[in-house]
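Remarks on the overall topology
Residues per chain are reported as follows:
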Amino acid sequence: MDSRTVFVLLWTLLSSTSTGIKLDVDGGYVDITIAISSKIPQDNTLIDKIKDMVTEGSLHLHQALDKKVYFKDATILVPSHWKSKEFTRARKESFEKAKIKIDNADSTEPYTHHYGECGQEGEYILFTPNFLLNDTVIQLYGSRGRVLVHEWAHLRWGVFDEYSKTKPFYHSNGRTEATRCSKSIQGQYYERTADGSVQECLIDPQTSLPIKGCMFFPHRNQNTDSSIMFLPSLDSVITFCQANEHNYEAPNLQNEKCGNKPTWTVIFEDSVDKDTLRSLEPMQLSPPAPTFKVVQRLQRVVCLILDVSGSMQDSRILRLQQAATHFLQSIIEDQASVGIVSFSTDASTLSSLTTIDSESTRENLIKLLPKTANGWTYVCKGLDLGLKVLATDNGDVLGDEIIFLTDGEATDDINNCSTEAINSGAIIHTLAFGPSADKALMEMAERTGGKFILSTDDITSNQLMDAFASFTLSTGDYTKEPVQLESVGEKTSGWFNGTVTVDQTVGNKTNFVIIYEKSFPSISIESPSGSIYSQTQMSHEVSLKTFTLKLPGTAETGDWKYIIQSTTLQSLTITVTSKAARADVPPIIAKAHMNQQFIDGTKPMIVFAEVSQNYRHVIKAEVSAMLQSESGSTETLQLLDNGAGADAFQNDGIYSRYFTKLENGRSSLKVRVKNPDGQAGFIKEKKSGAPYVPGYVVNGVVELNPPEPPVSEEPLEVRSFSRTATGESFEVAFTGSIPPNFPPNKITDLRAKILEDSVLLRWTAPGEDLDQGTAKSYEIRWSYDLQMLRESFSNGHAVNTTAVSPHEAGSVEQHSFNFSFTIHNGTTMFFAVQSEDKEKAKSETSNIARASKILPDPKPQGISNPVMNLTVLVISLCVVTMVICFVVAVTTWAVRRRKRFIWNIWN
């Protein structure tokens, strides 16, 4: 079996289980992990509330999707400090990889962290303890089971909200409409006053829409049953919008991000479950109640299984020592237990499980690291012995971790032991050192909830140090985890200088590690206040070719300068780690990942980097990604947060870019984040969440809900900082002989504005290949009919674009076009764009931009509520009917009287 066939089989096996959640053939969702952050104090009521939410949500989910699916089982991961004999041991469950998280945040509002494309799964759902424990929030957001289904649709099926906080109203056929789906949901428009009452909304004379602060109050009693993505709290709402009722005009994220597709269509045609959902038949009976396990992970138990075969000789075994030393000195936490196993022709236990309770314990473990390499690569011997070492503390390996490093193809058949290792219950992190490491490493990591990292022989990339630094297992409390501030290298016979910023969120246990390749250089590190640390104040491990500076206490905030000089041409690297300065202030952290770990070249890859502090995302930072292949080629990308191309939302703290220079084989990912000028800030708005309901209209009377819980305002500001992060590595295996030619990326931020008898269009330029380079041309079309333009772009009216020459990808395109006819007041038009590259490959049709010509009204007016108009109409009809009846009665009386008069004359 060739390597490409192996890849296809591996990709098929893993692509359907990328989140851990699975949809059974009977329609039951299984392997759902709900993790409670270690910052949350013990409250067993929280467990009961979670169970109640999932149980209720299962019934709503079952009803929402034609009785096809339900929640079958879920595992609740509780913090290590919670006490109960009923908790069992966790296996691969971890807070970091959980798809539903329970944690404190600056807002009670439940939301889903979802920044991928339409139809792609989200990252996680976040519920706060306050949302689960405080029953008053049910009045604000709806029952917890209904809210869970709303968020599940974001998480699992990649759909978006059908309401809009930024565009709550819009013009449609001369009427003001609330942004909603479906239009059948009725309500009234009111503004909430300071004294807690409501008043009729005023109209903004510039837009002819209700002023800011005006809200839609739905009628409590409705006839429509959709849609969950608009208002899950309404009792009548039990399903998702389908094509026959979808509001294609509404300016909401569902239309904008999904090409105006109905939610139901996305779920059944574009989501990860599409094939299974179409094949499932509706269940005849109600689904069984979900089953639950409550599990707990105690202190970490880790075994390093290290390859010391002949191919690890010389520089590789030295680099292994350097990286493992860094792991034992600065990364693995106190009270964790660590064992060390080496393997080649045979396997040896270098250290049994040892609890890290002091610096001397760490140093003793470092002394036991392997120093020589020879023999063959018997992977199974290493795995088997490592599992035995892990089992020595309590007889099994459930939830324990393996860090498995190898640089070669296995001499034995790894399939003979990988299945047993995968099924053991241990989390296996795998590290492929060099291009020859076995392909099965990626599968072991994926199947057990571990990480797969590639490290090449390029010393200056510092990949092996980064890899070992990434092997953490978060509990949700980032104040206790190391943060990597810097990791950089250079090959030079001169100066290697730079600056590392220690910001106000970090500073404890700050370590500088400098590694040299040949002869030791001259090193000087200067603090922000000017204090100089020379080599004499650093620990120098001659055998490891490493200098280490451990700063006492909390490091001074500001820019630390390092000045390194080498008189010999050699590779030099510096790694800087630190921990939170305060136990009550989480540090700013960076995370990185690809949108796919396995790709055949038919779809583009996207690099994502996330910069945040306790769920508050940091915007306007400088973020770059380095992607290095096994062959050694490196691509550096400037990641963007501009809401265009690969980036879903502008200024949301998620930085992304398409990666187009694909190579066959495995590649590594590293991200660098800087805020040198202090321009970065926090963004608090969540893009995908359950809507707050201000109140309802009941029998013509507005019943107000309590105000939405406030967002906490912490005084902390974002100053200068620096971070590096290592993402899991990925693999490419082209189905064709050459890398694919991608068309320009879809334009997703098209905006339109009508000015007199012209229109102004604005968008971000795509590239020649996705968001790289420069496209060749644009095709712009418009229509009065949104549906027609969406379904048949080529049938729209063409705009003359001969004078429009595309700019480089990422540039702002702004063009004005004149029409040969008069655009009347109240007219609404729709616009879309396609771009084309030099090989005539066309992009997807852009989002559809709408523009209305609204002339300012010099006299602000109030808006008449739809129900009030209906009332007036009914009263008017009654009056007219009464008048008609009166006229008929009078006429009848008059006719009868005339007949009597004539009768009397003839008689």
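The following paragraphs examine the structure supplied in this document. Here the residue index of a chain counts from 1 through its sequence in written order. With pLDDT at 70 or above as the cut-off, local features in this predicted model cover only qualifying residues; side-chain atom pairs require 80 or more to be listed or tallied, and sums for whole chains, interfaces and linings still use all residues. Hydrogen atoms and water are omitted, and side-chain values are computed over all heavy atoms in the structure.

1. Quick look at the environment of Ser522
- Relative to the elements of secondary structure, Ser522 occurs in strand 25 (residues 522-526).
- Three labels apply to residues, based on accessible area from a 1.4 Å probe with only protein chains included: buried if under 20% of the type maximum, exposed if over 50%, partly exposed otherwise in between. A residue is classified by how much of its surface remains accessible, and Ser522, at 40% relative accessible area, is partly exposed.
- Through-space distance from the C-alpha of Ser522 to that of Gln535 is 7.3 Å; in sequence the pair is 13 residues apart.
- Contacts between residues were defined by any pair of non-hydrogen atoms, one from each residue, lying within 4.5 Å. Setting aside chain neighbours within four positions, we find Ser522 in contact with Gln535, Ile563, Ile564 and Gln565. In DSSP terms, a helix is any run of H or I states spanning at least four residues, a strand is any run of E spanning at least two, and both are numbered starting from the N terminus.

2. Some remarks on empty space enclosed by the protein
- Residues are called lining when one of their atoms sits within 4 Å of a cavity or pocket point, these points coming from a 1 Å grid over the protein atoms alone, where a cavity is a set in which a 1.4 Å probe fits but cannot get out and a pocket is an open set with protein on both sides within 12 Å along at least five of seven lines. Grid points are joined across faces, edges and corners, and a volume is the space filled by probe spheres set on the points. Taken as a whole, this structure holds seven cavities of 30 Å³ or more when the rule is applied.
- For the second largest cavity, the calculated volume is near 140 Å³.
- At the level of elements, strand 31 (589-594) and strand 33 (605-613) are the ones that each hand at least two residues to the lining of the second largest cavity.
- Residues that form the lining of the second largest cavity fall into these classes: six nonpolar, four polar and six charged. Residues are grouped as follows: nonpolar covers Ala, Val, Leu, Ile, Met, Phe, Trp, Tyr, Cys and Pro; charged covers Asp, Glu, Lys and Arg; every other residue, Gly included, is treated as polar.

3. Topic: helix 5 (residues 144-157)
- Here the expected span of a helix is defined as 1.5 Å times the quantity of residues minus one. Taking 1.5 Å per residue as the helical rise, helix 5 with its 14 residues ought to reach 20 Å, and the 19 Å between its terminal C-alpha atoms agrees with that figure.
- Bend, at a single residue, is the angle you get between axes fitted to the 7 residues ending at that residue and the 7 residues starting at it. At Glu151, helix 5 shows its largest kink, close to 25°.
- For helix 5, the tally of buried residues reaches 14 of 14 residues, placing the bulk of the element in the interior.
- Immediately beyond the C-terminal end of helix 5, within one or two residues, lies Gly158, with a positive phi of roughly 70°.

4. Let's talk about the sheet that holds strand 9 (residues 124-127)
- Pairing is mixed in the open sheet, where seven strands are placed in the order 6-15-5-3-7-9-8. Lying at the two open borders of the sheet, with one neighbouring strand each, are strand 6 (88-89) and strand 8 (111-113).
- Across four bridges, the pairing between strand 3 (residues 32-36) and strand 5 (residues 73-78) is parallel. Paired with Ile32 across the bridge in strand 5 is Ala74.
- Sitting on the sheet, helix 2 (residues 44-64) is in contact with strand 3, strand 5, strand 7 (100-102), strand 9 and strand 15 (291-296), with an inclination near 145° to strand 15.
- Fitted lines through C-alpha atoms give the axes, limited to the stretch in contact for helices. The angle between two N-to-C directions lies from 0 to 180 degrees. Most of the contacts of helix 5 go to strand 9, to which it runs at about 150°, and overall it touches strand 3, strand 7, strand 8 and strand 9. One bridge is not enough; two strands pair if DSSP finds at least two bridges between them.

5. Some thoughts on the environment of Thr567
- Following the sequence through the fold, Thr567 ends up in the loop between strand 29 (558-565) and strand 30 (570-580).
- Through-space distance from the C-alpha of Thr567 to that of Asp346 is 42 Å; in sequence the pair is 221 residues apart.

6. A closer look at the packing of aromatic side chains
- Geometry of aromatic contacts follows a simple scheme: Phe, Tyr and Trp rings, the Trp one being its six-membered ring, pair when their centres are within 6.5 Å, and the pair is stacked under 30 degrees between planes, edge-to-face over 60, tilted otherwise. Within this structure, the stated rule accounts for 28 aromatic pairs.
- Plain terms: the ring middles of Tyr124 and Tyr615 are 6.3 Å apart, the flat faces sit at 70° to each other, and that makes the pair edge-to-face. Residue Tyr124 is found in strand 9, and its partner Tyr615 is found in the loop between strand 33 and strand 34 (616-619); the two are separated by 491 residues along the sequence. Side by side, Tyr124 and Tyr615 carry an identical accessibility label, which is buried.
- Their ring planes at 50° and their centres at 6.0 Å tell us that Tyr189 and Phe216 sit as a pair that is tilted. Highlighted residues: Tyr189 in strand 12 (residues 187-192) and Phe216 in strand 14 (residues 214-218), separated in sequence by 27 residues.
- Chaining the aromatic ring pairs together yields one cluster made of Phe169, Tyr189, Phe216 and Phe230.

7. Topic: the state of the cysteines
- Two cysteine sulfurs form what is called a disulfide whenever their separation falls within 2.5 Å. In this structure the tally under the stated criterion is four disulfides.
- Through a disulfide, Cys118 is tied to Cys258; the S-S separation comes to 2.1 Å. Between Cys118 and Cys258, the disulfide has an S-S torsion of 105° and is therefore right-handed. A residue pair is termed long-range when its members are at least 10 positions apart, and Cys118 in the loop between strand 8 and strand 9 and Cys258 in the loop between helix 6 (253-257) and helix 7 (263-269) qualify at 140 residues.
- Relative accessible area serves as the criterion here: at 5%, Cys258 is assigned to the buried category.
- Not part of a disulfide, Cys303 finds its nearest cysteine sulfur in Cys417, a span of 14 Å.
- The class of Cys303 is buried, set by a relative accessible area of 0%.

8. Brief notes about the pattern of salt bridges
- Only one rule defines a salt bridge in this text: a Lys or Arg side-chain nitrogen within 4 Å of an Asp or Glu carboxyl oxygen. Counted by the stated rule, this structure contains 42 salt bridges.
- Lys661 is the partner of Glu635 in a salt bridge, and the nearest nitrogen-oxygen pair spans 3.7 Å. A residue pair is termed long-range when its members are at least 10 positions apart, and Glu635 in strand 36 (residues 634-639) and Lys661 in the loop between strand 37 (654-659) and strand 38 (665-674) qualify at 26 residues.
- Judged by relative accessible area, which is 17%, Glu635 ranks as buried.
- Overlapping salt bridges bring together Asp334, Glu359, Arg362, Lys509 and Lys550 as one network.

9. Notes on the sheet that holds strand 1 (residues 22-23)
- One open sheet holds the three strands; their spatial order is 1-2-4, and the pairing between them is mixed. For this open sheet the edge positions go to strand 1 and strand 4 (70-71), each flanked by a neighbour on one side alone.
- As paired strands, strand 2 (residues 28-30) and strand 4 are joined by two bridges and run parallel to one another. Considered in strand 4, the bridge of Gly28 is made with Tyr70.
- This element, helix 5, spans strand 1, strand 2 and strand 4 of the sheet and lies at about 70° to strand 2.

10. A short note on the side chain of Thr573
- Mapped onto the fold, Thr573 is located in strand 30.
- Residue classification places Thr573 among the buried positions, given a relative accessible area of 2%.
- Here a polar contact is recorded for every N or O atom pair within 3.5 Å, except that within protein the pair must consist of a potential hydrogen donor and a potential acceptor, and residues adjacent in sequence are included only if both atoms are side-chain atoms. Of note is the side chain of Thr573, whose polar atom sits 3.4 Å from the side chain of Asn462.
- Excluding residues within four positions of it along the chain, Thr573 makes contact with Ile459, Thr460, Asn462, Val488, Gly489, Phe496, Val513, Ile514 and Ile515.

11. Quick word on helix 2
- The terminal C-alpha atoms of helix 2 lie 30 Å apart, and with 21 residues this matches the ideal 30 Å at 1.5 Å per residue to within 8%.
- For helix 2, the full list of buried residues reads Leu46, Ile47, Lys49, Ile50, Met53, Val54, Gly57, Ser58, His60, Leu61, His62 and Ala64.
- Capping the start of helix 2, Asp43 holds a side-chain oxygen 3.0 Å from the backbone nitrogen of Thr45, two or three residues further along.
- Just downstream of helix 2, Asp66 is the residue with a positive phi angle, here 55°.

12. Concerning the side chain of Ser233
- For Ser233, the location among the structural elements is in the loop between strand 14 and helix 6.
- Given a relative accessible area of 7%, Ser233 falls into the buried group.
- The contacts of Ser233, once residues within four sequence positions are left out, are Tyr141, Gly142, Arg220, Val693 and Tyr696.

13. A word on the nonpolar core
- Residue types Ala, Val, Leu, Ile, Met, Phe, Trp, Tyr and Cys, when buried and joined through side-chain atoms within 4.5 Å, form a set referred to as a nonpolar core. Among the nonpolar cores identified, the biggest contains 74 residues, and Tyr29, Phe127, Trp157 and Phe240 are the most heavily contacted of them.
- Counting 38 residues, the second-largest nonpolar core is a separate cluster that includes Val623, Leu639, Val671 and Val673.

14. Considerations on the packing of helix 9 (residues 315-331) against helix 10 (residues 359-367)
- Between helix 9 and helix 10, the least distance of the axes is 9 Å, while the angle of their chain directions is 170°. Between helix 9 and helix 10, the interaxial angle falls into the category roughly antiparallel. Here helix 9 contributes Thr325, Leu328 and Gln329 to the contact with helix 10, which in turn contributes Arg362, Glu363, Leu365 and Ile366.
- Split by residue class, the contact of helix 9 with helix 10 holds three nonpolar, two polar and two charged. What sets the label is the angle itself: under 35 degrees gives roughly parallel, over 145 gives roughly antiparallel, 65 to 115 gives roughly perpendicular, and the rest give oblique.

Geometry only, nothing functional implied.
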